[in-house]
Amino acid sequence: MAMRSQVYAWDASNSTTAETLAVGQKYSIFIGGVGNNITKPAETTATQFVVIEDVAVSGSQMGIANALSGADTSNGIAGPRAYGQVRINTTDYFLDPDNIGNDGIPGTASPYPRTVGLQPSFNLYPDVYVLPGQTWDILYTHYEGSTTAGSGGTAGEHVAFTKYTLYDGPDALIANKLLEMGVSVNPGNVDWYKRTLIQGA
Amino acid sequence: MAMRSQVYEWANLSVGAATSSLRRVAGATPTAIAADQSVDIFIGGIGNNITKPAETTATQFVVIEDVAASPINGGAVQVRINTTDYFQNPDVTVQAGIPGLASPYPVGCSSDGGTTSDQVLSSFNLYPDVYVLPGQTWSVLYKPRTAIVGAGATSTCVACFVKYTLYDGPDALIANRLLEMGVTVNPNNVDWYKRTLIEGGSQ
C-alpha cells in the first residue's frame, strides 16, 4: 500500500470535555487541544511524501441582508466565518498580497460539508507538497459563532476536513524524483515513472 | 514553494466606528458603501485591508484565476492592473466588471440576500487568466449598483473572493519566458518548461 488516499475530519465538538474555541485564534486540527485530536503532530518520515489535495472548513453565508433574511445574522453572516491555513514546519502557506500570512482558505470558498446553497469556489491547485521529514498542520480560525467546544459544543458548527495522498517507501522516492524533474506528484505520474523504469530494465 | 495557490477574501466588516481594519477582526459589523462607489478590496479603507497595494516584485509573477463577489445589490468586481481596468465595454468605455450574479461568492448563495430560495451558480470562468507581470501593481475593485447599508437592523454584509497563483523566484522567470513564447502560464506548463531545461542540460 505505497500510495494511499487519506482523509482527516475534525469537529470541535467531538470530545468529552468542555473546551473553549476563542474567536480569532488559530487551532491545530491535529493537536490543538480542541475536539478530536491525534497523538502527535502530523509529520512525514524519511520515507514518506504527502500531497495535500483539499482543505475545507465550516462554510458561512455572506452577502446577507439582515432586514430580509429573517435569519440570525446580526452582522450579515450566517455561520462561523471560518478559515483553514496550511502550515509546513513553521511557514504558513497562504499569504496576503503584502506577503504576510493570512487566515487561509475561507470556509465560504471551500465549505465542509458542501450543500446546494454553499458550494466551493476554490480548488487547491497546485497541490501542497509535504517533503520527507517535514511537519505539517491545518490551522482553524473562526470569527463568529459559538466559542464553546467539546462537550456542550454544537456538533458540526466548527469542522474541518483535509484530503491528502500519502506516498510511502519506494513511491515516496519516486515522488521525490518527480519533484526534482518538475513533474507534478500524483498517482498517475508515479505509475508512469514506474512503467518507464520497468521498460528501461 | 515557488508556485503557490493563494486566496484573498474581503468583506465590508469592521469594528465600531472604524470603516476598515488591518486583516480580519472579531466582532465586526457591516460598513456602508455608497451606490456606485468603487472600493479597492486591498487598501480601499472599507472592511479588512492589507498594509500596502498588491504588487509583484521583480521576482514574482501573479496569475489571477478567479474573482467573485456577493450578487446582492448589483455588486460587481473589476480587476485593475496599474491604472488599467481589465474588463471594458465593447465601446472601450469603463464598466463595473464581472457581476456577482455571474460569479457569485459564495457559489450557491441567494441573489437578493435571503428572501428568495434561489441559489446562484457561476456563469463565468476567468479564462484566459489575468497576468500580473513583475513590478506591476494590481487591485480588485468592488462596486455595488445600489447602496449597501452599514451597521444596524437593515445592514448587509458583502464579500469578494480572489484566487490566484503566485510564481516566485525561478518559477517567475519561467513564467515570463512562457509569456514570451506565447504559452499559457500555469503550473503544468511551468513544470513542462523545467523538464525541457533538465532534458536539454542532460544531453
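Preceding block: the structure.
First, a word on what this report is: a plain description of the structure on this page.

Here is what the cut-offs are and how they apply
Residues numbered from 1 in each chain as written. Chains lettered and ligands numbered in written order. Predicted model: local features only at pLDDT ≥ 70, side-chain atom pairs only at ≥ 80, totals over all residues. Heavy atoms only, no water. Helix = DSSP H or I, 4+ residues; strand = E, 2+ residues; numbered from the N terminus. Buried < 20%, exposed > 50% of the residue type's maximum accessible area, 1.4 Å probe, protein only. Areas by Shrake-Rupley, 256 points an atom, 1.4 Å probe, with all protein chains shown as cover. Lys, Arg positive; Asp, Glu negative; His and termini not counted. Charge placed at Lys NZ, Arg CZ, Asp CG, Glu CD. Pairing = 2+ DSSP bridges. Axes fitted to C-alpha atoms, helices over the stretch in contact; angles between N-to-C directions. Contact = heavy atoms within 4.5 Å. Buried area = accessible area lost by both parts, 1.4 Å probe. Salt bridge = Lys/Arg side-chain N within 4 Å of Asp/Glu carboxyl O. Polar contact = N/O pair within 3.5 Å; in protein donor to acceptor, adjacent residues only side chain to side chain. Phe/Tyr/Trp six-rings, centres within 6.5 Å; stacked < 30°, edge-to-face > 60°. Core = buried A, V, L, I, M, F, W, Y, C linked by side-chain atoms within 4.5 Å.

Here we come to the overall build of chain B. Broken down by element type, chain B carries 2 helices and 14 strands. Per-residue burial for chain B yields a buried fraction of 50% across its 203 residues. Accessible surface, chain B: about 8,300 Å² in total, of which carbon and sulfur atoms supply 55%. Averaging the locations of the 11 positively and 16 negatively charged side chains of chain B gives two centres separated by 5 Å.

Turning next to the sheet that holds strand 14 (residues 159–168) of chain B. Residues and elements named next belong to chain B. Pairing in this open sheet of 4 strands is antiparallel, and the strands run 1-14-8-12 from one edge to the other. Edge strands, defined here as strands with exactly one partner in the open sheet, are strand 1 (3–11) and strand 12 (130–132). On average, each strand axis in the sheet is inclined to that of its neighbour by 25°, with strand direction left out of account. As defined by bridge partners, strand 8 (residues 60–69) adjoins strand 12 across 3 bridges and the pair is classed as antiparallel.

The next thing to look at is the side chain of Ser 139 of chain B. Mapping Ser 139 of chain B onto the fold places it in strand 13 (residues 137–143). Contact partners of Ser 139 of chain B, with chain neighbours within four places excluded, come to Asp 40, Phe 42, Gln 78, Val 79 and Arg 80 of chain B.

This next bit is on unusual backbone geometry. Following Tyr 112 of chain A, the chain continues to Pro 113 of chain A via a peptide bond in cis, the omega torsion being -5°. With respect to the helices and strands, Pro 113 of chain A occurs in the loop between strand 8 (105–106) and strand 9 (128–130). Here the phi dihedral of Arg 23 of chain B falls at roughly 65°; this positive angle occurs in a residue that is not glycine. Within the secondary structure, Arg 23 of chain B is located in the loop between strand 3 (20–22) and strand 4 (29–30).

Taken together, the contact pairs 52 residues of chain A with 58 residues of chain B. With both sides pooled, the region where chain A packs onto chain B buries about 4,200 Å², and carbon together with sulfur makes up 55% of that total. Linking chain A with chain B are 3 salt bridges. One salt bridge connects Asp 96 of chain A with Arg 23 of chain B, and the closest N-O pair in it is separated by 2.6 Å. For the pair chain A and chain B, the number of links is 17 residue pairs in polar contact (both at pLDDT 80 or more).

Further remarks concern the pairing of strand 6 (residues 82–88) of chain A. Residue and element names in this part refer to chain A. Counting buried positions along strand 6 gives 6 out of 7 residues, so the element sits mostly inside the fold. When strand 6 meets strand 8, the two strands line up antiparallel, connected through 2 bridges. Bridge pairing in strand 8 places Gly 84 opposite Ile 105. Linkage of strand 6 to strand 7 (residues 91–92), two consecutive antiparallel strands, is achieved through a turn of 2 residues, within which Asn 89 is found at a positive phi near 50°.

This next bit is on the packing of aromatic side chains. For the structure on display, the rule yields 21 aromatic pairs over all chains. With a centroid separation of 5.0 Å and 55° between ring planes, the pair formed by Trp 10 of chain A and Tyr 140 of chain A is classed as tilted. Taken together, the residues span a long stretch of sequence, with Trp 10 of chain A in strand 1 (residues 3–11) and Tyr 140 of chain A in strand 10 (residues 135–142) at a distance of 130 residues. Looking at Trp 10 of chain A, the relative accessible area reads 2%, which means it is buried. When the ring of Trp 192 of chain B is compared with that of Tyr 193 of chain B, the centres are 6.2 Å apart and the planes differ by 65°; the resulting orientation is edge-to-face. Since its relative accessible area comes to 34%, Trp 192 of chain B is described here as partly exposed. Three or more aromatic residues joined by ring pairs form one cluster here, namely Tyr 8, Phe 30, Trp 136 and Tyr 164 of chain A.

Attention now goes to the nonpolar core. Within the largest apolar cluster, 42 residues are counted, with the highest numbers of intra-cluster contacts made by Trp 10, Ile 52, Val 86 and Trp 136 of chain A. Within the residue set of this core, elements represented by two or more residues are strand 1, strand 5 (48–57), strand 6, strand 9, strand 10 and strand 12 (159–168) of chain A together with strand 1 and strand 14 of chain B. When residues in this core are grouped by element, the largest group, 4 residues, is from strand 5 of chain A. Not counting chain neighbours up to four residues away, the residues in contact with Trp 10 of chain A comprise Leu 21, Ile 29, Val 34, Gly 35, Asn 36, Asn 37, Tyr 140, His 158, Val 159 and Ala 160 of chain A. Grouped together as the second largest cluster of nonpolar side chains are 33 residues, Tyr 8, Val 158, Cys 160 and Val 162 of chain B included.

Residue and element names in this part refer to chain A. Spatial ordering of the open sheet is given by 1-12-5-9, a layout of 4 strands whose pairing is antiparallel. The sheet is open, and its two edges are formed by strand 1 and strand 9, each paired on a single side. Ignoring strand direction, the axes of neighbouring strands in this sheet form an average angle of 25°. Relative to strand 12, strand 1 runs antiparallel, the two being bridged by 9 bridges. Within the sheet, the bridge partner assigned to Val 7 lies in strand 12 and is Lys 163. Lying on the sheet, helix 2 (residues 170–181) is in contact with strand 1, strand 5, strand 9 and strand 12; it crosses strand 12 at an angle near 95°. Its contacts with the sheet put helix 3 (residues 187–200) on strand 1 and strand 12, and the angle it makes with strand 1 is roughly 160°.

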